[in-house]
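One letter stands for each residue in the lines below.
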Amino acid sequence: MPHWLDLMLQSLGPLLVAGLRFTVPLTLIAFALGLSLGLGTALVRLFAPRPVAALAWLYVWIFRGTPLLVQLFVIFYGLPSAGILIDAFPAAVIGFTLNVGAYTSEIIRAAIASIPKGQWEASYAIGMTPAQALRRTILPQAARVAVPSLANTFIALVKDTSLAAAITVPELFQAAQRIVAVTYEPLILYTEAALIYLVLSTLLSGLQTLLERRLGRYGGYLEARA
């Protein structure tokens, strides 16, 4: 058996364990919290009074305009200078949640804004309150519009979790770094880590396609092709 293949097989277990213990939970927790934060921020920007909406805009501006790695460093390495100590995994969750929340808020805001005004008026005509119209009519339609972009954000988050290695979270990429420190085979190990991320992204892309077809609009391109 070639040396490179033997090394990949030996290291596959530790890499997968690190992925299952840290990469997957980090992705799921951060995306769920970030999506909730993004929805709240989008609603605030659309419907809240201007001073409150301005604060939401400021949050989005900061976290969309600064690198994710810098945000993680500020939370994990910077906050201790202010007396705030956060462990590596919770710091990563906070950093990714705030970053995802900023991006998903813009996706959701644009999706809500894309729904025709007539949908609101039709809801009011049958006696719905603004909150009922939003919940029962607008958000379900906006979800269809937002699904592709939100799915892309989720796939990007899977890969971005590799940045958590920089703040000592022992996820998949840091597991590869530790094996490299022992074997001195960076090309083989980093290639293997990249392949694992590629497989995960490919599987998620397939699920995204299925979800888009299920939520596709009648008469849309995906349905016509199917």
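Residues numbered from 1 in each chain as written. Predicted model: local features only at pLDDT ≥ 70, side-chain atom pairs only at ≥ 80, totals over all residues. Heavy atoms only, no water.

Participant: Give a description of the overall build of the chain that names residues and reports values.
Facilitator: Scanning the chain from N- to C-terminus turns up nine helices and zero strands. Dimensions of the chain, computed from C-alpha atoms along their principal axes, come out at roughly 70 × 55 × 25 Å. Total accessible area on the chain stands at roughly 12,600 Å², and carbon and sulfur atoms take up 69% of it. Of the charged side chains in the chain, 15 are positive and 10 negative, and the gap between their average positions amounts to 16 Å. (Helix = DSSP H or I, 4+ residues; strand = E, 2+ residues; numbered from the N terminus. Areas by Shrake-Rupley, 256 points an atom, 1.4 Å probe, with all protein chains shown as cover. Lys, Arg positive; Asp, Glu negative; His and termini not counted. Charge placed at Lys NZ, Arg CZ, Asp CG, Glu CD.)

Participant: Just give me the short version of a nonpolar patch on the surface, but keep the residues and values in it.
Facilitator: Residues Leu55, Trp57, Leu58, Trp61 and Ile62 make up a contiguous nonpolar surface patch of about 540 Å² in total accessible area. On the secondary structure map, leucine 58 appears in helix α2 (residues 50-65). (Patch = residues over 30% accessible without salt bridge, like charges linked within 9 Å, V, L, I, M, F, W, Y side chains within 5 Å. Salt bridge = Lys/Arg side-chain N within 4 Å of Asp/Glu carboxyl O.)

Participant: Any details on unusual backbone geometry? Residues and values, ideally.
Facilitator: The backbone of threonine 168 sits at a positive phi, close to 75 degrees, despite the residue not being glycine. By the element assignment, threonine 168 lies in the loop between α6 (130-160) and α7 (172-183). Look at threonine 168 and you get partly exposed, because its relative accessible area is 40%. Despite not being glycine, tyrosine 184 shows a phi value in the positive range, around 60 degrees. A relative accessible area of 67% places tyrosine 184 in the exposed class. (Buried < 20%, exposed > 50% of the residue type's maximum accessible area, 1.4 Å probe, protein only.)

Participant: Can you break down the packing of aromatic side chains residue by residue, with the values?
Facilitator: Inspection of the entire model under this criterion finds nine aromatic pairs. Between phenylalanine 31 and phenylalanine 154 the ring centres are 4.9 Å apart and the planes differ by 75 degrees, which places this aromatic pair in the edge-to-face class. Taken together, the residues phenylalanine 31 in helix α1 (residues 3-47) and phenylalanine 154 in helix α6 connect sequence positions 123 residues apart. Phenylalanine 154 shares its class with phenylalanine 31; the two are buried. Through a chain of ring-to-ring contacts, three or more aromatic side chains come together here, namely Phe47, Trp120 and Tyr124. (Phe/Tyr/Trp six-rings, centres within 6.5 Å; stacked < 30°, edge-to-face > 60°.)

Participant: Which residues make up the confidence of the model for the chain, and what values go with them?
Facilitator: In this model, the chain carries a mean pLDDT of 92, and residues with pLDDT of at least 70 account for 95%. Overall, residues 218-226 carries pLDDT values under 50, and its contacts beyond four positions in sequence, including any with other chains, amount to six contacts. (pLDDT = per-residue confidence, 0-100. Contact = heavy atoms within 4.5 Å.)

Participant: Would you mind going over the nonpolar core in detail, with residue names and values included?
Facilitator: Residues Ala92, Phe96, Ile167 and Val169 are the most contacted members of the largest nonpolar core, which totals 21 residues. Those elements that provide at least two residues to this core are α1, α3 (68-78), α4 (88-113) and α6. The element best represented in this core is α4, accounting for six residues. Setting aside residues no more than four positions away along its own chain, phenylalanine 96 makes contact with Leu26, Ala30, Leu68, Leu72, Leu157, Asp160, Thr161 and Ala164. (Core = buried A, V, L, I, M, F, W, Y, C linked by side-chain atoms within 4.5 Å.)

Participant: Go over the environment of proline 25 with me, naming the residues and quoting the values.
Facilitator: With respect to the element layout, proline 25 can be found in helix α1. On the basis of relative accessibility, which here comes to 23%, the residue proline 25 falls in the partly exposed class. The spacing of proline 25 and leucine 12 is 13 residues in sequence and 19 Å in space, taken between C-alpha atoms. In contact with proline 25, other than residues within four places in its own chain, are Gly19, Leu20 and Phe89.

Participant: An account of the pattern of salt bridges is needed here, citing residue identities and associated values.
Facilitator: Taken as a whole, this structure holds three salt bridges when the rule is applied. The closest approach of N and O atoms between arginine 45 and glutamate 106, which form a salt bridge, is 2.4 Å. One end of the pair, arginine 45, is in helix α1; the other, glutamate 106, is in helix α4, and 61 residues separate them in sequence. We classify arginine 45 as partly exposed; its relative accessible area is 23%. The exposure class of glutamate 106 is buried, given its relative accessible area of 16%. When the shortest N-O distance is used, the salt bridge between arginine 109 and glutamate 106 registers 2.9 Å. With arginine 109 and glutamate 106 both in helix α4 and three residues apart, this pair spans about one turn of that helix. Looking at arginine 109, the relative accessible area reads 27%, which means it is partly exposed.

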